[in-house]
Amino acid sequence: MNAIIIDDEEDCREVLDLLLKKHCPEVTVLKKAASALSGMNAIIQYRPQLVFLDIEMHKGSGFELLDNLPEVKFEVVFTTAYDQYALKAIKFNALDYLLKPIDYTELKVAVKKAKSKLLGRKAEAPPPMNKVAIPTSSGLKLIEVKDILRCESSNSYTYVFTENGESTLISKSLKGFEEILVGFNFFRLHQSHLVNLQHVCEYSTNDGGTVVLTDKSVVPIAKRKKEAFLAELKKYRV
């Protein structure tokens, strides 16, 4: 499980991190945030499954953080030195409420609860369709994700290039396509280009860095994306 710790006291963040590493190895802490604002940004960026959240912080409370999020798609474990917020925590559908100093046995119970809920959610979820619906003049056309070579931005529109040589202009931003194709092995090489890594057949350092796809199209790599892209390629090196 991926998790984030949000607490304005550094000692509390570090102690909780150590307890998780020692007693709950199934939890990976992606970020430790020191305020409600930095915590909210971390949640948006990392999309954790579990958040350990302090309530009383110097700049905003844990309750305010949750109120300011458009939606809560993670389990919340409140970690606080105060017991008077337990009833309010229930209203926020908190998974658990741990009083500081945190007892490792109670922490293990909270993590076990989170694991059970996540497993149950996965069991209830329908299998992925592995297709995207492309609007046409007469309705929708379903395309296999594996057949998409790349997507290229054109202002607020996006060209979708497929394996059969077709290109379709869709009234959706490239960012929108990137969100839809999360988990399907696509990589944002450039502000204007999203590619299917399954169709990358060559990488070149020419012209600042480019990739060649199976249809012989050449796509540039932004400098700030190059390191992450090469790290992704290392997974496939022999």
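Residues numbered from 1 in each chain as written. Predicted model: local features only at pLDDT ≥ 70, side-chain atom pairs only at ≥ 80, totals over all residues. Heavy atoms only, no water.

Trainee: Honestly, the nonpolar core in this entry has me stumped. Any pointers?
Mentor: Grouped together as the largest cluster of nonpolar side chains are 21 residues, with contacts concentrated most on Ile-6, Ile-43, Leu-53, Leu-65, Leu-66 and Phe-78. Within the residue set of this core, elements represented by two or more residues are β1 (2-6), α2 (36-46), β3 (50-53), α3 (62-68) and β4 (75-80). Among the elements that take part in this core, α2 stands out by supplying four residues, more than any other. Not counting residues up to four positions away in its chain, the partners in contact with Leu-66 are Leu-53, Val-72, Phe-74, Val-76, Phe-78 and Phe-92. Ile-5, Val-27, Ala-114 and Leu-118 belong to the second largest nonpolar core, which has 19 residues in total. (Core = buried A, V, L, I, M, F, W, Y, C linked by side-chain atoms within 4.5 Å. Buried < 20%, exposed > 50% of the residue type's maximum accessible area, 1.4 Å probe, protein only. Helix = DSSP H or I, 4+ residues; strand = E, 2+ residues; numbered from the N terminus. Contact = heavy atoms within 4.5 Å.)

Trainee: Sorry if this is basic, but what is going on with helix α5 (residues 104-124) here?
Mentor: One turn of the α-helix equals 3.6 residues, which is why residues spaced by three or four share an orientation. Taking 1.5 Å of rise per residue, the 21 residues of α5 would be expected to cover 30 Å, and the 30 Å separating its terminal C-alpha atoms lies within 8% of that figure. The set of residues buried in α5 consists of Leu-107, Ala-110, Val-111, Ala-114 and Leu-118. For α5, the buried positions fall inside an angular range of 95° around the axis, keeping them on one side. Among the exposed residues of α5, those pointing more than 90 degrees away from its buried face are Lys-112, Leu-119, Ala-123 and Glu-124. Close packing links the buried residues of α5 with α1 (10-23), β3, β4 and β5 (96-99). (Expected span 1.5 Å × (residues − 1). Arc of directions from axis to C-beta.)

Trainee: What's the story with the pattern of salt bridges in this structure? I'm lost.
Mentor: A pair can form between side chains of opposite charge whenever their charged atoms are brought close. Counted according to the given criterion, the structure contains twelve salt bridges. Across the pair Asp-54 and Lys-100 runs a salt bridge whose closest N-O atoms are separated by 3.6 Å. With Asp-54 in the loop between β3 and α3 and Lys-100 in the loop between β5 and α5, this pair connects stretches of sequence that are 46 residues apart. Using a relative accessible area of 3% as the deciding quantity, one classes Asp-54 as buried. Residue class for Lys-100 comes out partly exposed when judged on its relative accessible area of 21%. (Salt bridge = Lys/Arg side-chain N within 4 Å of Asp/Glu carboxyl O.)

Trainee: When you look at the sheet that holds strand β15 (residues 218-220) in this model, what are you seeing that I'm missing?
Mentor: Within a beta sheet, neighbouring strands are joined by backbone hydrogen bonds and run either parallel or antiparallel to one another. The sheet built from three strands is open, its strands ordered β13-β14-β15 with antiparallel pairing. A strand with exactly one partner marks an edge of an open sheet, and here the two such strands are β13 (200-204) and β15. When strand polarity is set aside, the average angle formed by the axes of neighbouring strands in this sheet is 25°. Bridge analysis of strand β14 (residues 210-213) against β15 gives three bridges, and the strand direction is antiparallel. Across the sheet, the residue bridging to Val-211 is Val-219, located in β15. (Pairing = 2+ DSSP bridges. Axes fitted to C-alpha atoms, helices over the stretch in contact; angles between N-to-C directions.)

Just distances and angles here, no functional claims.
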